[in-house]
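Summary of the model geometry
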Amino acid sequence: MAVTTGGGAGETPAILEALRRHFGHTAFREGQEEVVRRILAGEELCVVMPTGAGKSLCYQLPAMMRPGYTLVISPLIALMKDQVDALNAHGLPAACLNSAVTPPQQTAAMRAAADGQLKFLYLAPERFRSAQFNDFLEQHHPALVVVDEAHCISQWGHDFRPDYQRIWQGTPVLRQLQVCAFTATATPHVRDDIREQLGRPGMEDIVTGFRRPNLRFSVLSCRGRQDKLDVVETLLAKRVPTLIYCSTRKETEQLAGQLGLRMYHAGMAEAARRQAQDYFVSDTCPTLVATNAFGMGIDRADVRQVIHFNVPGSLEAYYQEAGRAGRDGLPADCVLIDSYTDVRIQEYLMDVNNPPFEVVAAVLDQLRRDCRADGSCLWWPEAAYEELGERAKCAAQVGTAMRILERQGLLQRAFTHVAGPLGSLRLLAPLAQVEADHAAQRTQRDIFLYRLARWLQTCGEHSFQGSIFDLSRCTGFSVEQLNRLLDALQDKALRWHCDVPDGVLLLSPQARDGSAAPDRDWLEKKRQLDRRRLDSVRGYCRAEGCRQLHIMRYFGERVGSWRCGVCDQCGQRTAGGRELTPDERRWCRSILLALQVVDGRFGRRRFAGLLLGAEDNSPDITGHPQHGCLATVGKDKADELLQALEAAGLIAVTDGDYPCLELTGAGHAALRDEAALAEVRLFSRPDGHAKAATPRRGRAGACHPRGRR
Ligand code: ADP
Ligand code: MG
């Protein structure tokens, strides 16, 4: 796909040549070239691209084109070596600093970086705790600092790492260097937080590569459960590979039972899950009902339909799940079933997850009273939750309140204290075999076992010794995820042993003596963010324009007035109205021809002036072959035609400070074959030069079932 670029066109050959020489690629993928140019120009960017889109190249290429070395901070220690190996395989000097590397090797790597022999130094955030490393950094500044998986720095991200955040507080030299952040998490508030945590308010976003033109999005509003079932049955009549997402395990079981379909959720036995997965991957036309636990790493490219039986909790989650349709690039449908009951459930969950300040304070108060007289520790059996809930009068919210207190540093589970109790973990099969068996990385378990085996091999160890937090750092899974994984895999694939029982709580000294209280602002901000997340889904359901454009805009991808042309809303816009008269066809053709010459350089007003024959001393206008081609037609008609062409997706407006008109792919096609002009609909009477009609909007909100056949 063509990419608009920021720099002068003259540099392209040099960049392309470097791309070929260093990496052996012949072309850039979408968005890469712009990022490379802007990094070369010294800009600080927050780059958001989907997983697999090619983020690494965006910083590796500029690094190769400039003197000095690049520091890459990444929380995924287990895969660091793979990255370094990949670079070395291209003959690009790279090394990593982590606990699998011996101290002499580390010193050698730092010396090589200082001497200009190394281009990339990969490291984990913990490295910044080392005084030796900080001294090194003071003396030998990297040319660029890359923060990979940057969402981990945000406390609103799904994978927050306090270590990541601390780097920026404790290492002043980083403030003077060029820093770029990379992530696949596209929510705007996470990006804002990344900027804030990095102390770089001016860091610009580049969001790119999320567009999926082959996906047809639609929303169907239903009244009750029976209505929803009817819709699903109609959709299933198509008999194509289909995935149906439900928001809970219970709903998944119920729906699968009612429709006689197979299912998948995280509560099922290992064997049943594997069967469901195999069925979905290998059957010629499978239909599977699942929770969001299904999907990560599923390599089936021809899923033709993803149906959401319940309204999802965020637009980002929705797009990720729906995006599993049509990976082969062929048309596929993404249908969201909207119902009032679901929205109410989501609102309820939001309330539970966001206890008011008073509840959090009451839980803290209760804990303080329960705290043993000798001060520090409280042994906390699971059952006591309920009792605490009753005493603090907030049964449903105790767990959440405790998590909040923990996040705010008022409460610690004892094993988070200092290094935590050490556990040991041994894989039951030989490492090489575990690696080979799980290399496809289809499920979370596969990914975990694969990373663990890789990591142990990298270290040359047979077993892992450390706390669950060390394990989290090495594998990239959160402690919650690890607890689940270790439970499920215990005695089947591994043996994990840790002496200290779970559930030891420790109040911070300030919480104990009453000098610290829960942070009211933090609670308020979290509630607002959760609210916004939920509203984003509501907004999508009610969107009046193109569904996909709505999502792109929410993510912050600059797509101008691009629209997919195939979602339920786009389809509705071109329905109705009338066809063009022969005269109108001729005028539309003139407009497209005129735009072809000044593509992407004129704004709406200036372009309309050109068509109407405006007197302008710029040769761009007066010398233009189509100058004045609509002069006899008049301004209203010209506006009407421009609007209709835009509504039909033949022309679009670019984003940016100076929005300009451009021909879309469909517009170029219409110049070659006029049949495409049939898509252009007008709402005025064919005879009169009636007042320009605005393109018809989607019917009032999303309150009617749509597109049901
Ligand atoms: P991300 O970090 O965005 O998830 P990676 O940087 O790991 O993705 O890249 C994914 C794959 O795409 C890698 O195998 C990489 O070699 C490949 N790749 C990246 N850019 C290009 C390109 N311009 N042409 C061909 N392959 C590319
Ligand atoms: Mg990456």
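Here's what I pulled together on the structure shown here. (Residues numbered from 1 in each chain as written. Chains lettered and ligands numbered in written order. Predicted model: local features only at pLDDT ≥ 70, side-chain atom pairs only at ≥ 80, totals over all residues. Heavy atoms only, no water.)

So, the sheet that holds strand E11 (residues 287-290)
Taken together, 6 strands build an open sheet; the order of strands is E8-E13-E12-E9-E11-E10 and the sheet is parallel. Looking at which strands have only one partner, the edges of the open sheet turn out to be strand E8 (215-222) and strand E10 (262-264). Going across the sheet, the axis of each strand differs from the next one's by a mean of 20°, ignoring polarity. As defined by bridge partners, strand E9 (residues 242-245) adjoins strand E12 (residues 305-308) across 4 bridges and the pair is classed as parallel. Note on E12: the bridge partner recorded for Ile 244 is Ile 307. Packed onto the sheet, helix H12 (residues 315-322) meets E8, E9, E12 and strand E13 (332-339) and runs at close to 150° relative to E12. (Pairing = 2+ DSSP bridges. Helix = DSSP H or I, 4+ residues; strand = E, 2+ residues; numbered from the N terminus. Axes fitted to C-alpha atoms, helices over the stretch in contact; angles between N-to-C directions. Contact = heavy atoms within 4.5 Å.)

Here's the deal with the pattern of salt bridges
Overall, the coordinates contain 37 salt bridges when judged by the stated rule. Lys 526 serves as the salt-bridge partner of Asp 530, at 3.2 Å between the closest nitrogen and oxygen. With Asp 530 and Lys 526 both in helix H22 (residues 520-542) and 4 residues apart, this pair spans about one turn of that helix. Taken individually, Asp 530 and Lys 526 each receive the classification buried, so the pair is uniform in this respect. (Salt bridge = Lys/Arg side-chain N within 4 Å of Asp/Glu carboxyl O. Buried < 20%, exposed > 50% of the residue type's maximum accessible area, 1.4 Å probe, protein only.)

What to know about the pairing of strand E3 (residues 94-97)
Successive residues of a regular strand alternate their side chains across the two faces of the sheet. The side-chain alternation of E3 yields two buried faces, one formed by Ala 94 and Cys 96 and the other by Ala 95 and Leu 97. Relative to strand E4 (residues 120-123), E3 runs parallel, the two being bridged by 4 bridges. Considered in E4, the bridge of Ala 95 is made with Leu 121. In this region the chain leaves E3, passes through helix H5 (residues 103-114) and returns to the parallel neighbour E4; the handedness of that crossover is right-handed. (Right-handed = clockwise from strand over helix to strand, strands pointing away.)

Some details on the site of ligand 1
Lining the immediate environment of ligand 1, one finds His 25, Ala 27, Phe 28, Arg 29, Gln 32, Pro 50, Thr 51, Gly 52, Ala 53, Gly 54, Lys 55 and Ser 56. A distance of 3.5 Å separates a nitrogen atom of ligand 1 from a polar side-chain atom of His 25. Taking Gln 32, its side chain carries an N or O atom lying 2.9 Å from a nitrogen atom of ligand 1. (Near = heavy atom within 4 Å. Polar contact = N/O pair within 3.5 Å; in protein donor to acceptor, adjacent residues only side chain to side chain.)

Some points on helix H16 (residues 398-407)
Taken together, the buried positions of H16 are occupied by Val 398, Thr 400, Ala 401, Met 402, Ile 404 and Leu 405. Of the residues one or two after H16, Gly 409 is the one with positive phi, at around 80°.

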